[in-house]
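Commentary on secondary and tertiary structure
If you want the building blocks of each chain, they are given just below.
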Amino acid sequence: MDVINRKLLRDLSQMRGQVITIGLVVAAGVAAYVTLQGTWTSLESSKTAYYERQRFADVFARLKRAPRSVVSDLESIDGVAEVDARIADAVMVPIKTLREPASGLIVSLPDYGSPRLNQLHLVAGSMPEPGRPDDALVLESFARAHSLEVGDTVPVVINGTIRSVRITGIAMSPEHVFPAPTTGIFSDEKRFAVFWMRESVMAPAFDMTNAFNDVSVRLQPGASLDAVMAAMDRVLDPYGGVGAFGRKDQASNSIVEGELTQLKAMGTVAPMIFLGVAAFLLNVVLSRLVLLQRAQIATLKAVGYGKSAIGLHYVKLVCLIALSGSALGIAGGAYLGSAMTEMYTQYFRFPLLAFELDPRLVSVAVSVSLLAGIVGAVASATRIANLPPAEAMRPAAPPTYGSSLLDKLGAYRFIAPAARMVVREIERQPLRTGLSVIGIAFAVSIMVLARVSSDAMAMLLDMQFQQAWKEDVMVSFLDPLSDGAVRELEHLPGVLYAEGMRMVPVRFVHDGRKRESAILGYPEDGQLRRVIDVERREVPIPESGVMLTAKLAEILGVSVGDELRVEMLEGDRKTVSLRVSSLAAEPFGLQGHMRMSELHRAFGEEATASMALLRIDPREYTRTEPKLKELPKIGGVLRKQTIIDQFKAQSADMMLVFSLILTLFAATIAVGVVYNNARVALSMRSRDLASLRVLGFRRGEISAVLLGELAVQVLLAIPIGIAIGAWMSKAMMNMSDPEQYRLPVMLSTETYAYAAGVTMAAGLVSALLVRRKLDKLDLIGVLKTRE
């Protein structure tokens with residue numbers, strides 16, 4: 001081994017503390033990239049393969065009832081490749097393992113064979129036999145949640161009649177990768193079921209013989225989605241069509257795509273922060289190392305080593321640090337990616353979902369980490385290569401300083417000597433201080449980002465379930481019922497109060513723009529439902545006209561006072577004109593709100609309700625529950641506390657793991673920046689500090705001189721990091737579909753305290769590590785340094 005390579009090993013050994021911390025920062029960046037991008041790649045590839053294999057449709061539409069002959073009209077539309085018409089309707093499942101009935105869907109299967117589109121993946125058992133009236137497949141997530149097996153029977157209320165359905169098989173569906181109840185807003189495997197029966201068995205129960213009410217379409221390559229949907233609407237409108245929609249708006253797929261979008265963005269942004277900080281640290285450390293090794297560089301040049309050989313020596317030093325960090329990051333990323341992908345199996349039901357460490361992902365991670373290291377080292381390496389030997393033999397010229405503003409103001413008279421040294425060092429090195437503050441600030445911002453999901457979910461639960469929804473139980477009806485049905489529910493045991501609400505599916509149309517949605521009708525003296533905006537303020541329902549969600553108004557291009565055409569998508573499908581009376585900046589959904597009496601008058605219908613909101617004595621709920629299960633006209637029962645408990649149980653693990661991973665990575669950045677700055681400062685100022693010890697300064701006092709500068713950097717970085725974190729949190733929230741969620745970023749005091757506390761703890765650990773070096777300072781050796 002030649003001299004220069006032995007020097008490389010010696011430098012690595014002498015700098016092992018800095019090598020380890022910088023390597024850990026690189027490892028954090030690589031691990032973040034491998035974890036997030038690898039998980040995204042695994043989910044995306046599983047989704048794409050599953051959709052293609054099961055022939056997931058491109059366009060979907062629901063309608064009231066159409067004869068089978070209409071299928072040929074749909075097939076003749078330009079751009080349509082295949083059409084699959086079927087029967088689908090809502091059911092209630094009063095299963096004994098639940099206190100309140102589960103909601104669900106029942107979907108028809110062809111009497112022979114499999115559906116043309118949205119084909120099922122059979123997990124266990126077999127397809128139902130034609131002509132067997134109570135045989136059905138059941139959704140795998142529901143079966144697993146209730147430990148159902150092939151041959152078990154489940155009570156299902158089908159079109160008002162309770163039937164005992166026998167399970168012949170357990171299946172997965174591309175339409176229900178994210179199983180969400182029809183009456184809920186969160187995934188709930190226990191309370192959302194899907195059953196598939198043969199069409200000849202289902203049709204008589206729904207009066208759908210030789211008819212259908214649900215259709216799926218697969219497009220030809222290059223076909224126009226908008227043109228096909230418009231043509232489908234024209235064909236289906238006479239049969240009660242409620243508007244075709246594309247795959248991106250399909251309930252399950254929209255959730256999956258939204259999560260993948262956020263995951264991909266996080267997998268790009270977070271690693272760039274880590275590797276950017278690593279490049280900064282490498283540049284700082286290497287530039288200081290060059291300054292300390294001027295004499296060695298001159299000697300190497302004097303004995304014949306050229307500029308390229310010496311420059312390459314320092315580039316190799318950087319590459320070894322980057323490669324070691326990359327190796328650790330790839331191993332850690334593979335482990336964390338596997339764990340994260342496993343957690344996603346609790347939410348997304350794919351037949352096969354496993355973490356795959358793509359070789360291309362590894363090559364990109366290593367290449368980017370090396371690039372970050374070389375970028376950080378290139379300036380120092382160039383300076384090394386151009387340093388003349390004669391100049392390098394001399395000590396570096398001391399910097400030229402002048403009187404600062406604080407000197408001129410005489411402020412130093414009021415500052416203690418140790419603090420004065422700290423302030424002067426910061427004044428003399430503003431760029432180094434600024435870059436250090438930015439590095440630590442990014443660590444703080446990542447800790448803020450680690451907690452933003454918890455804050456958002458806490459706010460969501462408070463806004464939706466404490467302020468907006470005041471009821472204990474929501475009961476949805478299969479069809480709109482008279483107000484008398486609500487009064488009947490009020491007389492059930494344990495029910496303290498009941499009020500009805502009307503929900504009308506509609507199509508809003510304005511100036512060529514349209515959107516399928518719903519109008520909610522509120523009773524005059526309603527107590528159990530309110531509209532709450534993103535500022536947590538109650539928005540009153542207008543006396544007349546309709547109040548729109550602000551985002552819906554933006555999509556339609558309307559403002560307060562405009563007239564809006566509203567097409568009813570049920571019943572006699574009346575079209576009316578409504579005035580936009582007000583807007584509400586709601587955090588969820590796209591809908592309209594009206595007083596119930598005004599809604600009935602506008603659509604010319606009798607007083608009816610689509611749902612009933614119940615306030616129940618908690619001590620009596622066990623008496624109320626079985627009565628609700630027995631009612632034939634009930635489409636679903638949703639208990640508010642059940643949603644809250646289920647949501648917390650689902651989200652807690654994911655948010656905790658995500659928070660811990662980001663906190664660990666952020667703490668690594670903070671330690672890396674603080675520790676390396678301290679080591680560099682110690683190397684550069686060791687003679688000054690030793691001189692102070694000889695002059696009588698105690699160890700604690702010289703520690704204050706060295707570490708005081710670092711403490712100032714940390715304290716300056718915390719507010720800046722919190723501001724950056726708030727901006728990054730807002731950007732992350734904006735990645736979600738604004739038509740689903742529009743949550744403002746409202747960070748809690750606990751989040752600020754958490755970010756500041758972890759950062760200061762990381763700084764303290766770094767300070768203690770450097771303090772050990774101060775205690776071992778060789779006073780005699782340092783004072784022998786050549787002037």
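Here's a quick rundown of the structure. Owing to the predicted nature of the structure, the values given are computational and were not obtained by experimental measurement.

**Section: helix 2 (residues 16-53)**
- A rise of 1.5 Å per residue sets the reference length of helix 2, with its 38 residues, at 56 Å; its end C-alpha atoms lie 52 Å apart and thus fit the reference within 8%.
- Arg55 occupies a position one or two residues after helix 2 and carries a positive phi of about 55 degrees.

**Observations concerning the environment of Gly545**
- Structurally, Gly545 can be placed in the loop between strand 14 (513-522) and strand 15 (546-549).
- Of the residues examined, Gly545 reaches a relative accessible area of 9% and is grouped as buried.
- Remark: the alpha-carbon pair of Gly545 and Met594, spanning 49 residues in sequence, is separated by 6.8 Å.
- Apart from residues lying up to four places away in sequence, Gly545 is in contact with Arg579, Ser581, His593, Met594 and Glu598.

**Observations concerning the sheet that holds strand 2 (residues 80-86)**
- On the basis of which strands lie adjacent, the open sheet formed by four strands has the order 2-10-1-11 and antiparallel pairing. Every other strand in the sheet has two partners, leaving strand 2 and strand 11 (245-246) as the edge strands with one partner each.
- In terms of strand pairing, strand 2 meets strand 10 (residues 211-219) through six bridges, oriented antiparallel. Opposite Val80, over in strand 10, you have Leu219 as the bridge partner.
- Most of the contacts of helix 6 (residues 225-236) go to strand 1 (residues 59-67), to which it runs at about 10 degrees, and overall it touches strand 1, strand 2, strand 10 and strand 11.

**Details of the environment of Thr341**
- Secondary-structure assignment places Thr341 in helix 9 (residues 307-344).
- Accessibility expressed as a relative area gives 1% for Thr341, which makes it buried.
- When the C-alpha positions of Thr341 and Phe355 are compared, they lie 5.9 Å apart, and in sequence the two are 14 residues distant.
- Leave out the neighbours within four places in its chain, and Thr341 touches Thr39, Leu353, Ala354 and Phe355.

**Points about unusual backbone geometry**
- The phi dihedral of Ser147 is positive, around 55 degrees, even though this residue is not glycine.
- Of note, Ser147 is situated in the loop between helix 4 (140-145) and strand 7 (153-158).

**Some words on the pairing of strand 4 (residues 102-109)**
- Within strand 4, seven of the eight residues are buried, leaving the element largely enclosed by the surrounding structure.
- The sheet contact formed by strand 3 (residues 88-93) and strand 4 spans six bridges and is antiparallel. When the bridges of strand 4 are listed, Ala88 appears paired with Val107.
- Inspection of the sheet shows strand 4 paired to strand 9 (residues 192-198) by seven bridges, in the parallel sense. Looking at strand 9, one finds that Leu109 is bridged to Arg198.

**Some words on the packing of helix 2 against helix 9**
- Running from amino to carboxyl end, helix 2 crosses helix 9 at an angle of 35 degrees, the nearest separation of the two axes being 6 Å. When you trace helix 2 past helix 9, the crossing you get is right-handed.
- Across the contact of helix 2 with helix 9, the residue classes break down as 18 nonpolar, 10 polar and no charged.

**Structural notes on the packing of aromatic side chains**
- A full pass over the atoms with the stated rule returns eight aromatic pairs.
- A ring pair is formed by Phe60 and Phe245, whose centres lie 5.7 Å apart and whose planes are at 20 degrees; its orientation type is stacked. On the criterion of sequence distance, the pair formed by Phe60 in strand 1 and Phe245 in strand 11 is long-range, its members being 185 residues apart.
- You can call Phe245 buried: its relative accessible area is 16%.
- A centroid spacing of 6.4 Å and a plane angle of 70 degrees characterise the contact between Phe142 and Phe195, whose relative ring orientation is edge-to-face. In this pair, Phe142 is assigned in helix 4 and Phe195 in strand 9, connecting sequence segments 53 residues apart. In this pair, the class of Phe142 matches that of Phe195, namely buried.

**Let's talk about the pattern of salt bridges**
- Summed over all chains, the structure comprises 35 salt bridges.
- Where Lys47 meets Glu44, a salt bridge forms, and the shortest distance between an N and an O atom there is 3.3 Å. A residue pair is termed a helical-turn pair when its members lie 3 or 4 positions apart in one helix, as Lys47 and Glu44 do in helix 2 at three residues.
- With a relative accessible area of 6%, Lys47 lands in the buried category.
- Connected via shared salt-bridge partners are Asp237, Arg507, Glu516, Arg565, Glu567 and Arg573.

**Brief notes about the packing of helix 1 (residues 3-14) against helix 9**
- Contact geometry for helix 1 and helix 9: axes closest at 10 Å, N-to-C directions at 40 degrees. Taken together, helix 1 and helix 9 sit at an angle that is classed as oblique. Classified by chirality, the crossing of helix 9 by helix 1 is right-handed. Every residue of helix 9 that contacts helix 1 at Ile4, Asn5, Lys7, Leu8, Asp11 and Leu12 is listed here: Ala309, Ile310, His313, Tyr314, Lys316, Leu317, Leu320 and Ile321.
- Looking at the contact of helix 1 with helix 9 residue by residue, the class counts come to nine nonpolar, two polar and three charged.

What counts and how
Residues numbered from 1 in each chain as written. Predicted model: local features only at pLDDT ≥ 70, side-chain atom pairs only at ≥ 80, totals over all residues. Heavy atoms only, no water. Helix = DSSP H or I, 4+ residues; strand = E, 2+ residues; numbered from the N terminus. Expected span 1.5 Å × (residues − 1). Buried < 20%, exposed > 50% of the residue type's maximum accessible area, 1.4 Å probe, protein only. Contact = heavy atoms within 4.5 Å. Pairing = 2+ DSSP bridges. Axes fitted to C-alpha atoms, helices over the stretch in contact; angles between N-to-C directions. Left-handed = near helix turned anticlockwise from the far one by under 90°. Nonpolar A, V, L, I, M, F, W, Y, C, P; charged D, E, K, R; others polar. Phe/Tyr/Trp six-rings, centres within 6.5 Å; stacked < 30°, edge-to-face > 60°. Salt bridge = Lys/Arg side-chain N within 4 Å of Asp/Glu carboxyl O. Parallel < 35°, antiparallel > 145°, perpendicular 65-115°, else oblique.

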